[in-house]
Amino acid sequence: MTLPPEPARLITLLEQAGFSAYVVGGCVRDSLLGKVPQDWDLCSSATPEQARDILQAAGITVHETGLQHGTITAVFDRQPYEITSFRRDGAYTDHRRPDSVQFTQDLHEDLARRDFTVNAMAFHPQRGLIDPFGGQADLQARVIRCVGEPAQRFAEDALRILRALRFAATLGFAIEEKTAQAAHDLRSNLLHIAHERVQVELTKLLCGSHACEILLAQRDIIFTVLPELALLNGFDQHTPWHCYDVYEHSCVAVQHVPPEPALRWAALLHDTGKPACFFMRDGTGHAHGHPAVSAKITLQICERLKFSRKLTQQVHALVEHHELRLLEDDVAPVRLRRLLGKHGGDTLLQLLELNRADVCAQHPDKFYRLANYKPIKQAIEQLIAEQSCVTRAQLAVNGSDLMALGLQDKQLGQALDELLQQVIDGALPNEHGFLLAYIQQSRSG
Ligand code: ATP
Ligand code: MG
């Protein structure tokens, strides 16, 4: 394992001052898996104040990010490196945070407070891998296992329950039996965890390449934090289109959209309104109007879990419009231009991905529709590339041009809308002279 120059330099500086220092946690795990770590975290026997003084004396920018928990952040080239003092956690009474933390000189104590064996390894350029809990063996066996007694570790901090699912979903690992049992038994403690922390772990879980398996295998835990999904579990749609119940359908759809937060959340939540809208007619199930109900439920979930405003807006829009049926039959170019004007290019392409995933999660008899995916995608991309006129701002006339013709306020807006309709429908070319002539004519007529 080779360290990049920045963490290696931080270790050297701290050790020259008489302390010990290691890289630790996720970066060690990911390096051993042959992946490039997202960020390099360090741990050290120096107190945070000592580490700060040593690094600042060497001319390094330091932020006191969590001084009382023992964490400072060194910055090189705008890249942050967290340095946490070796810590031992005091008693836990709120299922989330230790009541106190004590700094220690013992690396092993610091590794023992960490959540899973694969996250409880440290590495030093000269002293090599420090792995007291068999993390490397568990990496090879592809297992998520608590450090210590699982029931105790989850009782201390219930967020670890979701972290176990998250690492299983992102790494494609199994959850060791006792760890899985304790996670299941203690799942109600998740109700004590701050919603934004739940959201962060769920979003990472959903973006994992094995998200579907975990969502299906760990339903009870998922339903504890997303009770709205429990209604979908076992809900038979009574239609030949579907071979899964609504929950399974949603999980399979998750797996078929690209691993981006908005799309993964939208795939998971797109049918949450189905049970409320469901009715039987002639022996077949229907759920007319369910996208609007799903969108309402989605909004409640986004607000409760404290999604950012942008993510909320994206997920809500995708769920609300997930039934565009872009793959169903020949989509006329006029319809595509209208949709592009209404939703914008990025969202329309995401809606296409969601449509595709929705079909992938239906009965295989419907898979023939997937043949429409590529041509529609190309058609949308072409409209975007050629900057086809689909919004008022793209029209070859603007408000001042129309004011010069004597139009004002409401009339002016209506005229622009009408021109846009004509251009999108292909009835008028988007050319200044033609557009002005059309307005002049309709005013005189
Ligand atoms: P990622 O690649 O997502 O950053 P990571 O393993 O680095 O994965 P972080 O959330 O950044 O995860 O946490 C850094 C390290 O801190 C973990 O590897 C683990 O050793 C420890 N850790 C984080 N959260 C907890 C927790 N709730 N309980 C115990 N140890 C934790
Ligand atoms: Mg990390």
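Residues numbered from 1 in each chain as written. Chains lettered and ligands numbered in written order. Predicted model: local features only at pLDDT ≥ 70, side-chain atom pairs only at ≥ 80, totals over all residues. Heavy atoms only, no water.

(A) Region of the structure containing the site of ligand 1. Arg29, Asp157, Arg160, Arg163 and Arg166 are the nearest of the 14 residues found near ligand 1. Asp157 places a side-chain nitrogen or oxygen 2.8 Å from a nitrogen atom of ligand 1. Protein contacts shield 79% of the accessible area of ligand 1, which totals 590 Å² for the unbound molecule. When atoms are counted within 2 Å of each cavity's grid points, the one that captures over half of ligand 1 is the largest pocket. When contributions to the shell around ligand 1 are tallied by element, the ones reaching two or more residues are helix H2 (26-32) and helix H7 (159-171). (Near = heavy atom within 4 Å. Polar contact = N/O pair within 3.5 Å; in protein donor to acceptor, adjacent residues only side chain to side chain. Areas by Shrake-Rupley, 256 points an atom, 1.4 Å probe, with all protein chains shown as cover. 1 Å grid on protein atoms, 1.4 Å probe; cavity = no way out; pocket = protein on both sides within 12 Å on 5 of 7 lines; lining within 4 Å. Sits in = over half its atoms within 2 Å of the grid points. Helix = DSSP H or I, 4+ residues; strand = E, 2+ residues; numbered from the N terminus.)

(B) A look at the environment of Pro150. Looking at the secondary structure, you find Pro150 in helix H6 (residues 150-156). Take Pro150: its relative accessible area is 6%, and that puts it in the buried class. For the pair Pro150 and Lys178, spaced 28 residues apart in the sequence, the C-alpha separation amounts to 6.8 Å. The residues contacting Pro150, other than those within four sequence positions of it, are Lys178, Thr179 and Ala182. (Buried < 20%, exposed > 50% of the residue type's maximum accessible area, 1.4 Å probe, protein only. Contact = heavy atoms within 4.5 Å.)

(C) The layout of surface pockets, seen in detail. Here the largest pocket is characterised by a volume of approximately 1,600 Å³. Surrounding the largest pocket, 44 residues form its lining, Asp41, Glu82, Arg163, Arg166 and Arg197 being those nearest its centre. Of all the elements in the fold, those that place two or more residues in the lining of the largest pocket are H2, strand S4 (71-76), strand S5 (79-85), strand S6 (87-89), H7 and helix H9 (195-206). It is H7 that contributes the most residues to the lining of the largest pocket, seven residues altogether. Residues of the lining of the largest pocket, tallied by class, amount to 13 nonpolar, eleven polar and 20 charged. Space inside the second largest pocket adds up to approximately 530 Å³. Surrounding the second largest pocket, 25 residues form its lining, Trp241, His242, Lys274, Glu323 and Arg325 being those nearest its centre. Those elements giving two or more residues to the lining of the second largest pocket turn out to be strand S13 (284-286) and helix H18 (345-360). Of the residues assigned to the lining of the second largest pocket, the class counts are six nonpolar, twelve polar and seven charged. (Points joined across faces, edges and corners; volume = space filled by probe spheres on them. Nonpolar A, V, L, I, M, F, W, Y, C, P; charged D, E, K, R; others polar.)

(D) Highlighting the side chain of Asn189. Counting through the fold element by element, Asn189 comes out in the loop between helix H8 (177-185) and H9. Judged by its relative accessible area of 11%, Asn189 is buried. Other than its neighbours up to four places away in sequence, Asn189 contacts His95, Phe154, Ala155 and Ala158.

(E) Up close: the pattern of salt bridges. Evaluated as defined, the whole model comprises 25 salt bridges. Glu64 is the partner of Arg52 in a salt bridge, and the nearest nitrogen-oxygen pair spans 2.6 Å. Of this pair, Arg52 sits in helix H3 (residues 48-57) while Glu64 is found in strand S3 (residues 61-66), placing the two residues twelve residues apart along the sequence. Classification of Arg52 by relative accessible area gives buried; the value is 17%. Residue classification places Glu64 among the partly exposed positions, given a relative accessible area of 43%. One salt bridge connects Arg325 with Glu328, and the closest N-O pair in it is separated by 2.8 Å. (Salt bridge = Lys/Arg side-chain N within 4 Å of Asp/Glu carboxyl O.)

(F) Layout of H8. Of all the residues in H8, the buried ones are Thr179, Ala180, Ala182 and Ala183. Here the buried residues of H8 occupy an arc of 165° about the axis, which is enough to place them on one side. Elements in contact with the buried residues of H8: strand S10 (143-144), H6, H7, strand S11 (174-175) and helix H11 (219-225). The opening residue of H8 is Glu176, an N-cap whose side-chain oxygen sits 2.9 Å from the backbone nitrogen of Lys178. (Arc of directions from axis to C-beta.)

(G) Inspection of the packing of H7 against H9 at higher detail. Two numbers describe how H7 lies on H9: the axes approach to 8 Å, and their chain directions differ by 15°. On the basis of their axis angle, the class for H7 and H9 is roughly parallel. With respect to the hand of their crossing, H7 and H9 are arranged in left-handed fashion. Facing H7, whose interface residues are Leu159, Leu162, Arg163, Leu165, Arg166, Ala169 and Thr170, H9 presents Arg197, Val198, Glu201, Leu202, Lys204 and Leu205. Per-class residue counts for the contact of H7 with H9 are seven nonpolar, one polar and five charged. (Axes fitted to C-alpha atoms, helices over the stretch in contact; angles between N-to-C directions. Parallel < 35°, antiparallel > 145°, perpendicular 65-115°, else oblique. Left-handed = near helix turned anticlockwise from the far one by under 90°.)

Function cannot be read off these values alone, since they describe shape.
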